[in-house]
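# Residue-level structure breakdown
This is what each chain is made of:
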Amino acid sequence: MSESLLMIPGPTNISERVREVMSRPQQGHGSPEFTEKFGEMLKLARLAFKNNDGSQFAFTGSGTLAMEASVVSTVQPGDKVLVLDTGYFGQRMASINEAHGAKVVQLQYPIGTHANPDDLKRKLREANFRAVFITHVDTSSAVLNPIKELVAECKNAGAFPVIDSVCGLAGEELDFDRLGADIVFTASQKAIAAPPGAVLIAVSNELLGYFQKRAKPIEGWYLNLLRWKPIMDDPKTYLATPAVQIMLALREALLELKEEGLEERWKRHRVLAEKIREGLQRTDVRFVAEEGYRANTLTGFIVKDGMAPQVQKELRDAHKIEVARGLGDYGGKMIRIGHMGILSAEQADRTVKAVGETLAKFGAAPPAPAPNNGPRNPGL
Ligand SMILES: Cc1ncc(COP(=O)(O)O)c(C=O)c1O
């Protein structure tokens, strides 16, 4: 029987090299050995974001911590913010903003559709928004949003674009400096192919300057990016204990990314995603994301309502392949396959074949039409 294969949209497979780093004896968080490597890791993060002169931050925690840190640091209570809601994680972003006293306006899109830059342009004319929250790849729908055009509209209107690239960075094209981005964050467990437990945040000098001159100082303590700036500049300084092994693993995974080359990794993701989509199309699956906006990091497709648990179980039991189901309302009728990080063409083929066999065995492929006008993913 072949090996178990993890094909969920994070955490993703990690290399032996990364695993080995985590099994070494404990290092002190203030030791020169560790703090030097932490500093190197932040330099490598700069390459992953393609950000030359902004500031890089790394925290122990999951992607949601980066979402909240970006809100707490960028948004003042009472500020008007715009959230582009293309699914579950856009909705989480709105909820976090509300929890911190922002006045949230949402541009809502039916599941599977992308955020439209023209809609954004119109909306930005209606009010002064402090920030616009954009999900690069919404992992609930597998939609890839057009960040270049969306960021350009934000910049024209003088609003800070906040980009959640938890399911994008390293797998989808993103060039912080070229975009003119202000804040982009990601998490370790997706296309970077490190274990879960760390987040990376890149912040432009302009936004950092704004953090300093806000009328109301940043309210959070642990989530206050400004408080962490001196520590990121000099990791020898103690503020709170990082997850040492996770940070070392993240450094190793970023080294692997550097060795592969960022552009090469983007390309590898594109090629494998096309291969998977083509293979699945031959089995007549119906993709959730609309054509032209399908992510290269994961694919979501519809199965007959209520059959997703059965399909997931069969893939696990009979094929040793772990896939994810939809989130919220889509738990019973959507399967999501993660194809980011470290993945071979053979593993992609094996997954496509197993999905085809499973859908045929249960007659689980749904009849037309497309689900794009269906109910919204209720999210939280
Ligand atoms: C796009 C996106 N944003 C945010 C998150 C939240 O990350 P975490 O589950 O690590 O808190 C996820 C998790 O999958 C995600 O895909």
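As the structure is a prediction and not an experimental result, all values here were calculated from the model.

Working note: a packed helix pair is described by the angle between its axes plus the distance between those axes. At a minimum axis separation of 6 Å, helix H10 (residues 244–260) and helix H11 (residues 262–282) run at an interaxial angle of 90°. Between H10 and H11, the crossing angle belongs to the class labelled roughly perpendicular. Within the contact between the two elements, H10 uses Glu256, Leu257 and Glu260 and H11 uses Leu262, Glu264, Arg265 and Arg268. For the contact of H10 with H11, a count of residues per class yields two nonpolar, no polar and five charged.

This part is about the site of the ligand. Around the ligand, 13 residues are found, and the nearest of them are Ser62, Thr64, Thr139, Asp164 and Lys190. The side chain of Asp164 places a nitrogen or oxygen atom 2.6 Å from a nitrogen atom of the ligand. Between the ligand and Gln189, the relevant distance is 2.9 Å, taken from an oxygen atom to a side-chain nitrogen or oxygen of the residue. Protein burial of the ligand: of its 380 Å² of free accessible surface, 87% is covered by the chains. It is helix H3 (residues 63–74) that contributes the most residues to the shell around the ligand, three residues altogether. Its residues placed into classes, the shell around the ligand shows five nonpolar, six polar and two charged.

Among the nonpolar cores identified, the biggest contains 96 residues, and Ile201 and Leu254 are the most heavily contacted of them. If you tally residues by element for this core, the top one is H10, at nine residues. Discounting residues that sit within four places of it in the chain, Ile201 has contacts with Phe49, Ser55, Gln56, Phe57, Phe59, Ala66, Ala69, Ile183, Val184, Phe185 and Leu225. Counting 24 residues, the second-largest nonpolar core is a separate cluster that includes Met7, Val285, Val303 and Leu343.

Moving on to the pairing of strand S2 (residues 55–60). Extensive coverage of S2 is indicated by the burial of five of its six residues. Note: S2 against strand S10 (residues 198–203), six bridges, orientation antiparallel. The residue bridging Gln56 from the neighbouring strand is Ala202, located in S10.

Let's shift gears to the sheet that holds strand S11 (residues 286–287). The antiparallel open sheet is built from four strands, whose spatial order is S11-S12-S15-S14. Looking at strand neighbours, the two that pair on one side only are S11 and strand S14 (324–325), the edges of this open sheet. Sheet topology places strand S12 (residues 298–302) next to strand S15 (residues 334–338); five bridges connect them, and they run antiparallel. For Phe301, the partnering residue across the bridge sits in S15 and is Ile335. Contacts between H11 and the sheet are confined to S11, S12 and S15, with S12 contributing the most and set at about 15° to the helix.

Conventions adopted
- Residues numbered from 1 in each chain as written.
- Predicted model: local features only at pLDDT ≥ 70, side-chain atom pairs only at ≥ 80, totals over all residues.
- Heavy atoms only, no water.
- Axes fitted to C-alpha atoms, helices over the stretch in contact; angles between N-to-C directions.
- Helix = DSSP H or I, 4+ residues; strand = E, 2+ residues; numbered from the N terminus.
- Parallel < 35°, antiparallel > 145°, perpendicular 65-115°, else oblique.
- Contact = heavy atoms within 4.5 Å.
- Nonpolar A, V, L, I, M, F, W, Y, C, P; charged D, E, K, R; others polar.
- Near = heavy atom within 4 Å.
- Polar contact = N/O pair within 3.5 Å; in protein donor to acceptor, adjacent residues only side chain to side chain.
- Areas by Shrake-Rupley, 256 points an atom, 1.4 Å probe, with all protein chains shown as cover.
- Core = buried A, V, L, I, M, F, W, Y, C linked by side-chain atoms within 4.5 Å.
- Buried < 20%, exposed > 50% of the residue type's maximum accessible area, 1.4 Å probe, protein only.
- Pairing = 2+ DSSP bridges.

In short, geometric facts, not functional conclusions.
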